[in-house]
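Commentary on secondary and tertiary structure
If you want the building blocks of each chain, they are given just below.
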There are 2 protein chains.
Amino acid sequence: MRILVIGGSGTIGHAVVTELSQRHEVVTAGRTHGDFKVDIMDNQSIDTMYKQAGKLDAVISTTGNVHFGLLSEMTEKEYSVGLKSKLMGQVNLVLLGLKYINDHASFTLTSGILNRDPILYGSSAAMINGALDGFVKSAALEMPRNIRINIVSPTILAESMDQYADYFRGFNPVQASKVALAYSKSVEGKQTGQVYNVE
Amino acid sequence: MRILVIGGSGTIGHAVVTELSQRHEVVTAGRTHGDFKVDIMDNQSIDTMYKQAGKLDAVISTTGNVHFGLLSEMTEKEYSVGLKSKLMGQVNLVLLGLKYINDHASFTLTSGILNRDPILYGSSAAMINGALDGFVKSAALEMPRNIRINIVSPTILAESMDQYADYFRGFNPVQASKVALAYSKSVEGKQTGQVYNVE
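Since this is a predicted model, take the numbers as computed values, not measurements.

Remarks on the interface of chain B and chain A
Taken together, the contacts link 35 residues of chain B with 35 residues of chain A. Buried surface at the junction of chain B and chain A, summed over both partners, amounts to about 2700 Å²; 69% is from carbon and sulfur atoms. Scanning the region where chain B abuts chain A turns up 14 residue pairs in polar contact (both at pLDDT 80 or more). Only helix 3 (76–97) and helix 4 (123–139) of chain B provide two or more residues apiece to the side of chain B that touches chain A. Per-element tally for the side of chain B that touches chain A: the top contributor is helix 4 of chain B, with ten residues. Its residues placed into classes, the side of chain B that touches chain A shows 21 nonpolar, ten polar and four charged.

In structure tokens, the structure reads:
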């Protein structure tokens, strides 16, 4: 397969590339790193990336930002970061990618644990993860040409605990290499409409 | 208690008013009907409504629009309807209402079944419902002054089957009066951070 990983230089993205490049041709895209440059908040940029990337059997997104902060200090403006980036950025990768990717290809997006196991400062992350999980479950019903769509929802990464342990006390961190297996299952298996919780 | 129901003239809203006005003082708000006029997509309008409504022990929202349509015919524009109205409209009712409502008061929002039981044309509804459920579960951790927040996620209403039965074949419709009980539990009980699935 020929696989595009958007966000391939992040911790999860790098582990996904490592896992899948053992068996497939993997190309990467990102805002600053990768084979192709892309800003997922800009539909023109997404379209250009797909034109450059050529034929694809799988599109994986491990990218997107959300604002973390106290709800009492947040307004619509802070919530819009996640709505535009992690949510609609990833949704637009699907909507625009549909006209480029091969029959029987797959999309795999990334959400996260915080909508089912919330933490302080995480109300925007919980909102965006829930939105993505819901979108993918429903979008799977309408994919044309036997195209599939799944989403991976990981807990906190072991690799991120140095930085974020105080916010995730009591969570059981997982290695990015284990999270990468869920992307492998999505791309190399046949399931669709699945939310893969990795925790 | 003094309770504000936003969307009080809709099918669910009307049932909620009927249920709660037996025991409480209920005032209503809506775009065209109700004691107070409000456009939930306009923060200034929300603020004015709260100023007019006075002291409140509970705020219930049974309002908000989403676009239903084929994913292949939808762009960011169609998804933005639900993001601005049903999602951020309800979220802004919480963010702005926090400075007006009483200690120990509650917010109760409305999502719906389509993120856990998807249908054709429902990818935006699934996204918005998932976002709302996630937000409420997380926001409950950060409510000040013992304020609570829950959300009701009903299946298709028996009262709506005349119009929508073809889209919901196999679903078990519920009467609005049964859905109203979940709002009663949220307002008159002590739970917080709950998603009440009514189906």
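Observations regarding the sheet that holds strand 6 (residues 148–154) of chain B
Residues and elements named next belong to chain B. If you walk across this open sheet you meet the seven strands as 3-2-1-4-5-6-7, and the pairing is parallel. Both edges of this open sheet fall to strand 3 (36–37) and strand 7 (195–198), since each of them pairs with a single strand only. Here four bridges tie strand 6 to strand 7, and the two strands are oriented parallel to one another. Along strand 7, the bridge assignment pairs Ile 151 with Val 195. Each of strand 5 (106–110), strand 6 and strand 7 touches helix 4; the most contacted strand, strand 6, lies at about 155° to it.

Concerning the sheet that holds strand 2 (residues 25–30) of chain A
All names here are of chain A. Here we have seven strands laid out as an open sheet, ordered 3-2-1-4-5-6-7, and parallel in their pairing. Only two strands of the sheet have a single neighbouring strand rather than two, namely strand 3 (36–37) and strand 7 (195–198). Each of strand 5 (106–110), strand 6 (148–154) and strand 7 touches helix 4 (residues 123–139); the most contacted strand, strand 6, lies at about 155° to it. The sheet contacts of helix 6 (residues 176–188) involve strand 1 (2–6), strand 4 (58–61), strand 5, strand 6 and strand 7, and relative to strand 5 the element is tilted by about 155°.

Some details on the packing of aromatic side chains
According to the stated counting rule, one finds eight aromatic pairs over all chains in the structure shown. Between Tyr79(A) and Phe135(B), the aromatic rings sit 5.9 Å apart at their centres with planes inclined by 75°, giving edge-to-face as the arrangement. Placement of the pair is Tyr79(A) in helix 3 (residues 76–97) and Phe135(B) in helix 4, with the two residues belonging to separate chains. As far as the burial class goes, Tyr79(A) and Phe135(B) line up, both buried. An angle of 85° between the planes, with centres 5.2 Å apart, marks the rings of Phe168(B) and Phe171(B) as edge-to-face. Judged by its relative accessible area of 8%, Phe168(B) falls in the buried class.

Focus: the relation of the copies chain B and chain A
The two copies are related by a screw motion: chain B maps onto chain A through a turn of 180° and a shift of 0.0 Å along the axis, at an RMSD of 0.0 Å. In short, the pair behaves as if placed about a two-fold rotation axis. Comparing contact sets, 100% of the residues at the interface of chain B also lie at the interface in chain A, consistent with an isologous, same-surface contact.

Some points on the environment of Asn43(B)
If you trace the backbone, Asn43(B) turns up in helix 2 (residues 43–53). Beyond its immediate chain neighbours, meaning those up to four positions away, Asn43(B) contacts Glu76(A), Asn92(B) and Leu96(B). One polar contact links Asn43(B) to Glu76(A), side chain to side chain, over a distance of 3.2 Å.

Let's talk about the pattern of salt bridges
In total, this model carries 16 salt bridges over all chains according to the counting rule given. The partner of Asp166(A) in a salt bridge is Arg169(A), and the shortest N-O contact between them spans 2.6 Å. No difference in accessibility class separates Asp166(A) from Arg169(A), as the two residues are exposed. Among the ionic pairs, Lys51(B) bridges to Asp47(B), the shortest N-O distance being 3.2 Å. On the criterion of helical spacing, the pair formed by Lys51(B) and Asp47(B) is a turn pair, its members being four residues apart in helix 2. For Lys51(B), a relative accessible area of 56% corresponds to the exposed category. For Asp47(B), a relative accessible area of 12% gives the class buried. Residues joined by salt bridges that share partners form a network here, namely Glu19(A), Arg23(A) and Glu188(A).

Criteria and thresholds
Residues numbered from 1 in each chain as written. Chains lettered and ligands numbered in written order. Predicted model: local features only at pLDDT ≥ 70, side-chain atom pairs only at ≥ 80, totals over all residues. Heavy atoms only, no water. Contact = heavy atoms within 4.5 Å. Buried area = accessible area lost by both parts, 1.4 Å probe. Polar contact = N/O pair within 3.5 Å; in protein donor to acceptor, adjacent residues only side chain to side chain. Helix = DSSP H or I, 4+ residues; strand = E, 2+ residues; numbered from the N terminus. Nonpolar A, V, L, I, M, F, W, Y, C, P; charged D, E, K, R; others polar. Pairing = 2+ DSSP bridges. Axes fitted to C-alpha atoms, helices over the stretch in contact; angles between N-to-C directions. Phe/Tyr/Trp six-rings, centres within 6.5 Å; stacked < 30°, edge-to-face > 60°. Buried < 20%, exposed > 50% of the residue type's maximum accessible area, 1.4 Å probe, protein only. Least-squares fit on C-alpha atoms with pLDDT ≥ 70 in both. Salt bridge = Lys/Arg side-chain N within 4 Å of Asp/Glu carboxyl O.

The values are spatial; any link to function lies outside them.
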